[in-house]
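Chain residues, written in single-letter form:
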Amino acid sequence: MELKSFVPDRVSTHAKIFLSAAALNGLGNGMINVVFQLYLISLGFDSTAIGAMVMMNPLGAAILTVPAGILADRYGKKKMMVFGFILICVSLFMILFARTYELFAICFFMIGLSNATFVVLTPLYSSFFDKDDMDRAFGLWGFLNILTMSLGNLVGWVPPMLVKDLGVSVQHSYWVVIAVAGVVVLVQTPLYLLSLRGAVEPESNNGFRLMIKSKGIIAKFFLLSVVSMVSGNVFFNLFTYYTNSKFGVESDALGTLFFASNFVSAGANALAPWISRKLGTLKAITVMIGLATPFYLLMPFAPSFAWISVLYIARLGLRTTANPLIGSLYMKLLREEEKSSANSVRNMANQVGGVVAPWLGGQLMETSLDLPAFVGGGLSAVLACLYFTLLKKDEETLIEEVIVDGT
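Residues numbered from 1 in each chain as written. Predicted model: local features only at pLDDT ≥ 70, side-chain atom pairs only at ≥ 80, totals over all residues. Heavy atoms only, no water.

Caption draft 1: Structural view of the packing of helix α3 (residues 77–95) against helix α8 (residues 170–195). The contact between α3 and α8 brings their axes to 10 Å, and the two run at 170 degrees. The orientation of α3 with respect to α8, classified from their angle, is roughly antiparallel. For the pair formed by α3 and α8, the contact residues are K78, M81, V82, F85, I88, C89 and L92 on the first element and G182, V185, L186, T189, P190, Y192 and L193 on the second. A per-class count over the contact of α3 with α8 returns eleven nonpolar, two polar and one charged. (Axes fitted to C-alpha atoms, helices over the stretch in contact; angles between N-to-C directions. Helix = DSSP H or I, 4+ residues; strand = E, 2+ residues; numbered from the N terminus. Parallel < 35°, antiparallel > 145°, perpendicular 65-115°, else oblique. Contact = heavy atoms within 4.5 Å. Nonpolar A, V, L, I, M, F, W, Y, C, P; charged D, E, K, R; others polar.)

Here you go:
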């Protein structure tokens with residue numbers, strides 16, 4: 001396999017700046033993800049409370065996502081991103097001093113509003129590449145984001161060292177990691193704004209109007225996104241809580257697991273374009289989701305953290321291969337002038353699933369710690385079938401158009 005199988009033929013300066021921001025995003029999120037639920041547990045919150053808090057993030061995003069996409073298409077991506085940057089600054093500052101459920105819920109809600117404004121990122125990135133480069137472009141983005149997230153996960157070893165060497169409390173050690181991660185996350189936004197300098201912004205005189213013509217495509221991806229989010233997040237949004245409760249795992253072991261699994265996932269993103277060329281984009285999506293499903297369903301039977309780690313890595317590596325191909329296929333099926341608006345609808349679907357999943361997972365774990373994994377695994381099998389059934393004709397039409405256009 002040659003390098004050109006994984007990397008686009010041309011990566012512009014603006015695309016490189018964008019990818020630098022994505023790398024920082026992965027690093028900061030990797031740091032936060034490995035300690036944040038443990039931090040909440042140290043403050044005395046249970047699975048129900050944590051699930052309800054986490055739910056506020058996608059709830060905020062769901063409210064603002066579609067308006068943000070429409071406004072971005074009408075008045076420009078930069079204005080949306082600046083607004084989101086202000087929101088994330090305020091919310092990350094507040095979260096460092098939050099101690100009550102209500103304040104954490106407000107912080108998560110504000111982060112969700114901020115995330116909604118970044119609906120412009122996928123259309124922005126796709127504008128840097130031609131359609132025949134799209135699979136490789138999205139594979140490269142996913143690879144860099146997940147690779148840096150893996151490096152951030154290794155920070156999970158820091159809290160035990162702070163406790164042992166400096167004598168700080170476990171709770172304070174988590175707080176320090178969250179504070180540093182917040183700074184890393186904030187640095188990404190100026191780079192995203194800089195990458196916008198080469199993008200063509202729309203005129204601001206067309207009014208507030210939803211520019212969507214590909215309604216059938218968008219409706220299908222809406223359904224698929226809801227099912228996908230509920231399938232994964234009903235269990236994995238509370239995976240830290242699950243492993244801590246079942247196996248007594250702390251941040252160092254989790255950090256190592258997340259590092260290894262994300263490293264494999266990064267490689268899967270890089271391989272995705274090659275698999276797509278061999279099988280076709282839609283078939284590759286369907287096959288990889290299907291192959292990941294048995295590993296998901298086996299997790300409740302894992303007798304130890306070592307075994308569940310093996311299953312987690314195998315499932316994530318296979319499932320993540322589909323993600324860049326899904327984003328690529330969606331962008332290829334849309335018209336250029338509707339991409340931000342249409343992507344906002346898909347993102348809203350993700351947020352709807354994200355609202356339902358952590359709440360449902362928290363409730364199910366109160367009944368049985370393993371129940372969310374069975375629910376999520378079953379939905380994963382359904383999702384694989386839905387992708388192929390719903391999008392087969394649309395992909396065939398796209399292929400025919402590409403042949404006719406010669407692009």
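Caption draft 2: Region of interest: the environment of L43. Following the sequence through the fold, L43 ends up in the loop between α1 (13–42) and α2 (47–75). You can call L43 partly exposed: its relative accessible area is 21%. Separated by 128 residues in the primary sequence, L43 and Q171 have C-alpha atoms spaced 7.6 Å apart. (Buried < 20%, exposed > 50% of the residue type's maximum accessible area, 1.4 Å probe, protein only.)

Caption draft 3: Quick look at the environment of P58. Positionally, P58 belongs in helix α2. For the pair P58 and F236, spaced 178 residues apart in sequence, the C-alpha separation works out to 15 Å. If sequence neighbours within four positions are ignored, P58 has contacts with Q351, G354 and V355.

Caption draft 4: Layout of the packing of aromatic side chains. Going through the model one piece at a time under the given rule, you end up with 28 aromatic pairs. Here F221 and Y330 contribute two aromatic rings whose centre-to-centre distance is 4.4 Å and whose plane-to-plane angle is 40 degrees, an arrangement assigned as tilted. On the criterion of sequence distance, the pair formed by F221 in helix α9 (residues 215–236) and Y330 in helix α14 (residues 322–333) is long-range, its members being 109 residues apart. A residue is classified by how much of its surface remains accessible, and F221, at 0% relative accessible area, is buried. Note on F236 and Y296: the rings are 4.9 Å apart at their centroids and 45 degrees apart in plane angle, and the pair reads as tilted. Here F236, found in helix α9, pairs with Y296, found in helix α12 (residues 281–298); they are 60 residues apart in sequence, far enough to count as distant. The exposure class assigned to F236 is buried, which follows from its relative accessible area of 17%. Over the ring of Y296 we find R315; its NZ or CZ atom is 5.0 Å from the centre of that ring. (Phe/Tyr/Trp six-rings, centres within 6.5 Å; stacked < 30°, edge-to-face > 60°. Lys NZ or Arg CZ within 6 Å of the ring centre and 35° of its normal.)

Caption draft 5: Representation of the state of the cysteines within the structure. Under the counting rule described, the total for this entry stands at zero disulfides. As a non-bridged cysteine, C107 has C89 as the owner of its nearest cysteine sulfur, 13 Å distant. (Disulfide = S-S within 2.5 Å.)

Caption draft 6: Spatial organisation of α14. Between the first and last C-alpha of α14 there are 16 Å, a value that for twelve residues agrees with the 16 Å anticipated at 1.5 Å per step. The element α14 is extensively covered by neighbouring structure, given that eleven of its twelve residues are classed as buried. Of the positions making up α14, those classed as buried are A322, P324, L325, I326, G327, S328, L329, Y330, M331, K332 and L333. (Expected span 1.5 Å × (residues − 1).)

Caption draft 7: Expanded view of the side chain of T286. Within the secondary structure, T286 sits in helix α12. Once residues lying within four places of it in the same chain are set aside, the contact partners of T286 are A384, Y387 and F388.

Caption draft 8: Expanded view of the confidence of the model for the protein chain. Put simply, the protein chain has an average pLDDT of 85, and 92% of its residues get 70 or more. Mean pLDDT across the elements of the protein chain ranges from a minimum in α2, with 81, to a maximum in α12, with 96. With pLDDT under 50 throughout, residues 204–208 is counted as low confidence; its partners more than four residues away or in other chains account for nine contacts. (pLDDT = per-residue confidence, 0-100.)

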